[in-house]
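Below are the chains, spelled out letter by letter.
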Amino acid sequence: MSTVGIIVNPAAGKDIRRLVSDAAPVSDMAKIGMVRRAIVGAAEGGAERIVLSDDPHGLARRAVDGLDGVPTRIEILEGPATGSRLDTRHAAEALWKAEAGAVVILGGDGTHRDVAIGWLDAPIVAVSTGTNNVFPRLLETTVAGLAAGLVAAGHVPLAAVAQRAKTLRVRLSDTTAAHDRGGSGISGGSGGSDTLALVDVALVEGAFEGARAVWDPARLLAVVACIAEVDAVGLSAIAAACHPVDRHGPGAVLVSMGPGRIRRCAIAPGRFATVEIAAVTPVPDGGSVTLTGPGVLAFDGEREQRLGPGHSATVTVNRDGPSVIDVGAAIRFAATHGRGA
């Protein structure tokens, strides 16, 4: 049975970076409407079953309520709703077990990272509802769902319209004390590294006090970015200001902060900051760099792992992340190969 999964993160787009910038949060009602439109699109694309993640806000259940005229079996994943990032990781793993042919994800960089941890090679349509949104794209969910349905139903081959995302695999030194809020083990048949990021890994001064999101560049020590595009907002914009790295291009870049080149960067929506960069080091595919404490590691903009003095983390650039579906390419393929869209 052709299956499309839909994961919506109710917390995406509501962190402190929204409070210290001019970005508006994405409301629950807006997300409910986006989910409803994704369902309609997935059914139109040929999905016979649509499975939605549950959450404490009941977004999926509210989206399905009163949705008539969709000739598709709709299910909501059962399971504990913790209100944490574990919900996204568990939902991704459950969709892997359910053999979903494509998954529409509504969230920011952190949400998509959590999906990758739950199901590393998930076939995804990445829709931005977060704050910085470097990894996902701004998409209308009607066509996002349509593309997912076309792929899941086999009308469009995944290999023809998707590319594997890069990952930054992070291995902690044996002496590094575990301090993981929500678990960082990678599921879905993957293994090896302790955790990963899809956009950037940063070393930040201090400990966990305050919000998890990183918004003060004055505390940055180093950033490793495998996506550093010139139109990005967030920590990867710092890397893009001195060494752009395309999401589909090779490698990554290590940016070490300190006396040196001065740049102005868009570190959050509506917020620029001056940063000083001491060194810029390109990192090839398969290459590694080491970040040494003291400090806190932030993955895709959120602090998660403390590094004590002398403790380290090795960051390796791979190309083994989720298969990201190009919505336009999927619909174009269907149209040119006889499947009306």
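Residues numbered from 1 in each chain as written. Predicted model: local features only at pLDDT ≥ 70, side-chain atom pairs only at ≥ 80, totals over all residues. Heavy atoms only, no water.

*Asks:* Honestly, the pairing of strand β4 (residues 102-107) in this entry has me stumped. Any pointers?
*Replies:* Strand residues, when the strand is regular, have side chains that alternate between the two faces of the sheet. Counting buried positions along β4 gives six out of six residues, so the element sits mostly inside the fold. Residues A102, V104 and L106 line one face of β4 and the alternating positions V103, I105 and G107 line the opposite face, and both faces are buried. Pairing analysis gives five bridges linking strand β1 (residues 3-8) to β4, with the strands arranged parallel. Within the sheet, the bridge partner assigned to V4 lies in β4 and is A102. Once you follow β4 into helix α5 (residues 109-118) and on to strand β5 (residues 123-128), the crossover reads as right-handed. (Buried < 20%, exposed > 50% of the residue type's maximum accessible area, 1.4 Å probe, protein only. Helix = DSSP H or I, 4+ residues; strand = E, 2+ residues; numbered from the N terminus. Pairing = 2+ DSSP bridges. Right-handed = clockwise from strand over helix to strand, strands pointing away.)

*Asks:* How should the packing of helix α2 (residues 28-45) against helix α6 (residues 141-152) be read in this particular structure?
*Replies:* Where α2 contacts α6, the two axes come as close as 6 Å, and the packing angle between them is 35 degrees. Judged by the twist between their axes, the crossing of α2 over α6 is right-handed. Contacts between α2 and α6 pair M34, R37, A38, G41, A42, E44 and G45 from the former with T141, T142, G145, L146, G149 and L150 from the latter. Along the lines of polarity and charge, the residues of the contact of α2 with α6 split into five nonpolar, six polar and two charged. (Axes fitted to C-alpha atoms, helices over the stretch in contact; angles between N-to-C directions. Left-handed = near helix turned anticlockwise from the far one by under 90°. Contact = heavy atoms within 4.5 Å. Nonpolar A, V, L, I, M, F, W, Y, C, P; charged D, E, K, R; others polar.)

*Asks:* How should unusual backbone geometry be read in this particular structure?
*Replies:* Most peptide bonds are trans, and most residues other than glycine sit at a negative phi. Of the consecutive residues G293 and P294, the connecting peptide bond is found in the cis state with omega at 15 degrees. Position of P294 relative to the elements: it lies in the loop between β13 (288-292) and β14 (295-299).

*Asks:* How should I be thinking about helix α9 (residues 327-336) in this particular structure?
*Replies:* One turn of an α-helix holds 3.6 residues; hence residues three or four places apart share an orientation. Every buried residue of α9 is listed here: V327, A329, A330 and A334. Buried residues belonging to α9 abut β5, α6, α7 (158-161) and β17 (323-325). Structurally, the start of α9 carries an N-cap: the backbone nitrogen of G328 is 3.1 Å from a side-chain oxygen of D326. Of the residues trailing α9, G338 is marked for its positive phi of about 90 degrees. (Polar contact = N/O pair within 3.5 Å; in protein donor to acceptor, adjacent residues only side chain to side chain.)

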